[in-house]
Every structure is written in C-alpha cells, then in structure tokens.
Amino acid sequence: MSARNQDSEAVHRAGFACFVGRPNAGKSTLTNALVGQKVAITSNRPQTTRHTVRGIVHRPDAQLILVDTPGLHKPRTLLGERLNDVVRTTWAEVDVIGFCLPADQKLGPGDRFIAKELAGIKKTPKVAIVTKTDLVDSKTLAEQLIAIDQLGKELGFEWQEIIPVSAVAGSQVQLVADLLIPLLPESPPLYPEGDLTDEPEMVMVAELIREAALEGVRDELPHSIAVVVEEMIPREDRPADRPLLDIHANVYIERPSQKGIIIGPKGSRLKEVGMKSRKHIEALLGTPVFLDLHVKVAKDWQRDPKQLRKLGF
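Residues numbered from 1 in each chain as written. Predicted model: local features only at pLDDT ≥ 70, side-chain atom pairs only at ≥ 80, totals over all residues. Heavy atoms only, no water.

Chemist: What exactly am I supposed to notice about helix H5 (residues 138-154) here?
Modeler: Each α-helix winds once per 3.6 residues, and so residues spaced three or four apart point in a common direction. For H5, spanning 17 residues, the distance from its first C-alpha to its last is 24 Å, which sits close to the expected 24 Å at 1.5 Å a residue. The inward-facing, buried residues of H5 abut strand S4 (96-102), helix H4 (109-119), strand S5 (126-131) and strand S6 (161-164). Phi turns positive one or two residues past the end of H5, at Gly-156, with a value near 80°. (Helix = DSSP H or I, 4+ residues; strand = E, 2+ residues; numbered from the N terminus. Expected span 1.5 Å × (residues − 1). Contact = heavy atoms within 4.5 Å.)

Chemist: I'm lost on the pairing of strand S8 (residues 245-253) in this one. Help?
Modeler: If a strand is regular, its side chains alternate between the two faces of the sheet. Of all the nine residues making up S8, eight are buried; the element is thus mostly covered by neighbouring parts of the structure. Taken together, the eight bridges between strand S7 (residues 226-234) and S8 define a ladder with antiparallel strand orientation. Among the inter-strand pairings, Ala-226 is bridged to a residue of S8, identified as Tyr-252. Where S8 and strand S9 (residues 289-297) come together, nine bridges link them in parallel fashion. Looking across to S9, one finds that Leu-245 is bridged to Val-289. (Buried < 20%, exposed > 50% of the residue type's maximum accessible area, 1.4 Å probe, protein only. Pairing = 2+ DSSP bridges.)

Chemist: Whenever I open this one, the sheet that holds S8 confuses me. Can you help?
Modeler: Across a sheet, strands are paired by hydrogen bonds formed along the backbone, either parallel or antiparallel in direction. An order of S7-S8-S9 is seen for the three strands of this open sheet, with the pairing classed as mixed. If you trace the sheet from one side to the other, it starts and ends with S7 and S9, each paired once. Averaged over all pairs of adjacent strands, the angle between strand axes in this sheet comes to 15°, irrespective of strand direction. Packing against the sheet, helix H7 (residues 201-215) makes contact with S7, S8 and S9, and its axis sits at approximately 125° to S7. (Axes fitted to C-alpha atoms, helices over the stretch in contact; angles between N-to-C directions.)

Chemist: Just to check I follow, could you spell out the packing of aromatic side chains for this structure?
Modeler: Inspection of the entire model under this criterion finds two aromatic pairs. Consider the rings of Phe-99 and Trp-159, whose centres lie 6.1 Å apart with planes at 40°: the pair is tilted. Of this pair, Phe-99 sits in strand S4 while Trp-159 is found in the loop between H5 and S6, placing the two residues 60 residues apart along the sequence. Of the two residues, Phe-99 and Trp-159, neither departs from the other in class, the shared state being buried. (Phe/Tyr/Trp six-rings, centres within 6.5 Å; stacked < 30°, edge-to-face > 60°.)

Chemist: Explain the packing of H7 against helix H9 (residues 268-285) here, please?
Modeler: The relative placement of two packed helices comes down to the angle between their axes together with the axis-to-axis distance. The contact between H7 and H9 brings their axes to 8 Å, and the two run at 145°. At the point where H7 passes H9, the crossing takes the right-handed sense. Here Glu-201, Met-204, Val-205, Leu-208, Ile-209, Ala-212, Ala-213 and Glu-215 of H7 lie close against H9, whose contacting residues are Arg-269, Val-273, Lys-276, Ser-277, His-280, Ile-281, Leu-284 and Leu-285. Classifying every residue of the contact of H7 with H9 by side-chain character gives 10 nonpolar, two polar and four charged. (Left-handed = near helix turned anticlockwise from the far one by under 90°. Nonpolar A, V, L, I, M, F, W, Y, C, P; charged D, E, K, R; others polar.)

Written out as structure tokens, the structure is:
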C-alpha cells in the first residue's frame, strides 16, 4: 500500500489549458497572475489579444501551459474571422477549457454563443471561471454562480468545476491551477524549468508596444493599431557591463487621419508610448533598451489579406 502511495505521489502531469470567453472577460489578466509575470497584454479595450500566448506554470508535480486566445466574437473584418479560426483550432487541441465569465456582468448572448460552441466539444473537460469577483458583493456572485451552473445544464453538459476568482485582488488564483492540473494527462514536463512563455521575444516586445499605444486612445483606435518589430540588435562598441539593445519598431494604423492621434501634439503621445513600453521591455529582457518608434499607414489592413500576412496574422 505504501509503495502504491509513493507511486501515486510521483505522478507528474503536464498539458494545455485554454482560457476562452467574450472579449475583455479577464483572460489575459488571469494568465499573467497564474504565471506570475506579464506574458499577455492586458487592456480595457475589448479584443486586445491577437496571438495565442502560452504562459507556463511550473510546479514540482505538474506543468500547466496556458493558452490565451483572442475573445470569440461576431467578426466584422477578415482579421476578426481569422481570430475566431484561431480560437476554434486551439479548443480542439487543448486538454481542458476554462470559460471566463465576469462576475459583474449578467450572462448575455455572447456568453450563450460561446457556451453553445463548447457544448459541441464532447471530450474536453470544461471549467467555468468566474472572474472579477472583487467588483461584486456576495449576493451578486452567488446569483452568477447559479446562473452559470444552470447554463451548463440547459446545454446538456456538466462543468467539471465552477471557480470564483479575482486576478487583480489575487483571490483564489492558485486554486484555479489546483483544479486545472488534475484534469491534465500524466506527462513529463513539456518545457524547460524557468521558461514562462514560448512566445518569441520580438512578438512579446511588439505586444508591449501595442499595449502602451492602446492605453491613451480610448475608443478612437481600438483595433486599428498593429506593431511590427523590424530588428533587435545589441549596440556595438559598448562595454560589457553597460550593454544597450537597439529596437526598431513600426506602429501601423489604417488611415492617415489616425497618425496625428498616435503621435499627439509635438510628438508627445508617441514619446509617452515609447517611455511606457520601454520600461516593460527592459523588465522583460533584463537589459537597457533604446527604442526607435515610427508610425506608418497600412491602408485598411484589417480587411486586406496581403497586409494581414505582412503584419503576422
């Protein structure tokens, strides 16, 4: 008996969990909280995530790889259609799906649309994660938990778990990992110890710049901004103890009229974007950075297959 106990204790699990939900349901914030570092950009703009970012949670007995997909939505552009395709492909490949539903918003048509799609995926375990619990009182939270339980029953499936969480307040974040890990297959680690994401550094740098660029433009340019890092090269002739990384990046918008919004009066906004993103980039890469930003127009890029390819979609 004791030998069997030791054996069961030695089991290592590793696999992929995917967070899905409407845009702005708290998926990226939860990913970052679980990983313990910023690997996904967050914004109060819906539809911010465009790449599936993998955040990796390491534990002695498990490795949980989090796939943070774009929010599933009714597409109005070719970009929107491609983002939805990314979501569905990811769902088909993961070991467990976490459906994020904000505690402060009643279940709406968007949630039902996603839940209906999830009901069609028979074999993959589904966990409901009720996010942003810090924004509601206990009565509202209880009503939301009951409504989510009911939603599963209506669509003919059972949630493996329903977990209330606040990534911002740090409440029950580790419980999410505790409940997802037993649903993963037995497997040795899939990534080296210490890796927090498998996103290429250039992609992450571009995302940090885009996050800073999105911050100040409110509702004017929510989806029109794309960022491409052209090159990242160490500055030559620097002493070993004072390295500097030169990063050259282009911020693309769709129309010439949007250029002024991004650049701001006398270049003030672009300067702010550079300062904010540089701080995060230096923290990510662990080295001082010189950031060279240029704003360019890629006409109606969200609708143009050629432009989308060029911008990495």
